[in-house]
Amino acid sequence: MGLDGRVALVTGAAKGIGFAVADRLARDGARVMLVDIDAGLAAASAKKLAGAGLEAESAGADVSKLADVRAVVAKTIGRFGQLDIAVNNAGILRATRLEEVTPEEWDLVLAVNLRSMFLVSQQAIPHLKKSAAPRIINMSSNSGRMGGFESSVSYAASKGGVIALTYALAGQLAKFKITVNAICPGTTDTDILKGYSAEARERLKTRVPLGRLGLPEDIAAAAAYLASGESGFVTGLMLDVNGGMWFG
Ligand SMILES: NC(=O)c1ccc[n+]([C@@H]2O[C@H](COP(=O)([O-])OP(=O)(O)OC[C@H]3O[C@@H](n4cnc5c(N)ncnc54)[C@H](O)[C@@H]3O)[C@@H](O)[C@H]2O)c1
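Since the model is a prediction, treat every value here as computed from it, not as a measurement.

Visitor: Looking at this structure, I do not really get the overall build of the protein. What am I missing?
Guide: Helix and strand counts for the protein stand at 8 helices and 7 strands. By the compact-globule yardstick of 18 Å for 248 residues, the protein fits well, its C-alpha radius of gyration being 17 Å. Taken along the three principal axes of its C-alpha coordinates, the protein extends 45 × 40 × 35 Å. Residue burial in the protein is summarised as follows: out of 248 residues, 48% are buried.

Below you can see the structure in the form of structure tokens.
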């Protein structure tokens, strides 16, 4: 997708969808900062990319915390000198029954899944303004569209918030030519599904008209498009990558 000369910061990039996005953007030519709360795994994942001849660096951070976010944005600028693409991907899921959701769970999920995206975007904006093709890409979810099938209400609410945040940022940042889009993956085969029981995972599979779970690479392909020059006139888009879960 022609990302030579561009720098991307990907949160939650140690594994799963975030790692697939980092890998894909690096293969498309970007220099990539892999940010994750699991600093050790993020370093190993960045090493894997570097071993494949790609340019990648890592930083440990809890992206729900402003000080951590400031530090990783500063590290990105220190290492690569610029920031063109911010991918807000880090997220957690709790599969708690409605009656059992605690205020603590609610606050944690909202902080990691939604506040983090606001913080990273806010800290990235001064650097994105200097970019020739600035991009913010937020990882929402099918849950944010449809309320979630097996996930907790905290997850669905956080992902619905990501959609509204994406519209708000797209509107406010258009004057700087910063595009802001979201991807809404359907059920995708990563460790996040460990939060579901085996029965719940089977039920989720039957909801996919195309007959399989998503792969991290399916989501990374959508991110590659939104990061590329090919999507320069696209902003405020919710890109559903879900195997037709709308109809399941
Ligand atoms: N897998 C799915 O079915 C699915 C569906 C829709 C949306 N999503 C979204 O895609 C994104 C990636 O999910 P995944 O499936 O790859 O999950 P995953 O659990 O495999 O990976 C999530 C990564 O985020 C990191 N992370 C968690 N909290 C963090 C924090 N506070 N600060 C920094 N990093 C943190 C984790 O350490 C992990 O590396 C999430 O936002 C998730 O909600 C996933």
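Visitor: What is the right way to look at the environment of Gln123 in this model?
Guide: The topology assignment puts Gln123 in helix α4 (residues 103–128). On the basis of neighbour count, Gln123 is assigned to the buried category, with 20 C-beta atoms found within 10 Å. Discounting residues that sit within four places of it in the chain, Gln123 has contacts with Val69, Arg70 and Val73.

Visitor: I keep staring at the site of the ligand and nothing clicks. Help me out?
Guide: The immediate surroundings of the ligand are formed by 29 residues, with Gly12, Gly16, Gly91, Ser141 and Thr190 found nearest. If one sorts the elements of the shell around the ligand by residue count, helix α1 (residues 16–27) sits on top with 3 residues. When the residues that make up the shell around the ligand are grouped by side-chain class, the tally is 13 nonpolar, 11 polar and 5 charged.

Calculation criteria
- Residues numbered from 1 in each chain as written.
- Predicted model: local features only at pLDDT ≥ 70, side-chain atom pairs only at ≥ 80, totals over all residues.
- Helix = DSSP H or I, 4+ residues; strand = E, 2+ residues; numbered from the N terminus.
- Rg over C-alpha atoms; globule rule 2.2 N^0.38 Å.
- Buried ≥ 20, exposed ≤ 12 C-beta atoms within 10 Å, placed from the backbone.
- Contact = placed C-beta atoms within 7 Å.
- Near = placed C-beta within 6 Å.
- Nonpolar A, V, L, I, M, F, W, Y, C, P; charged D, E, K, R; others polar.

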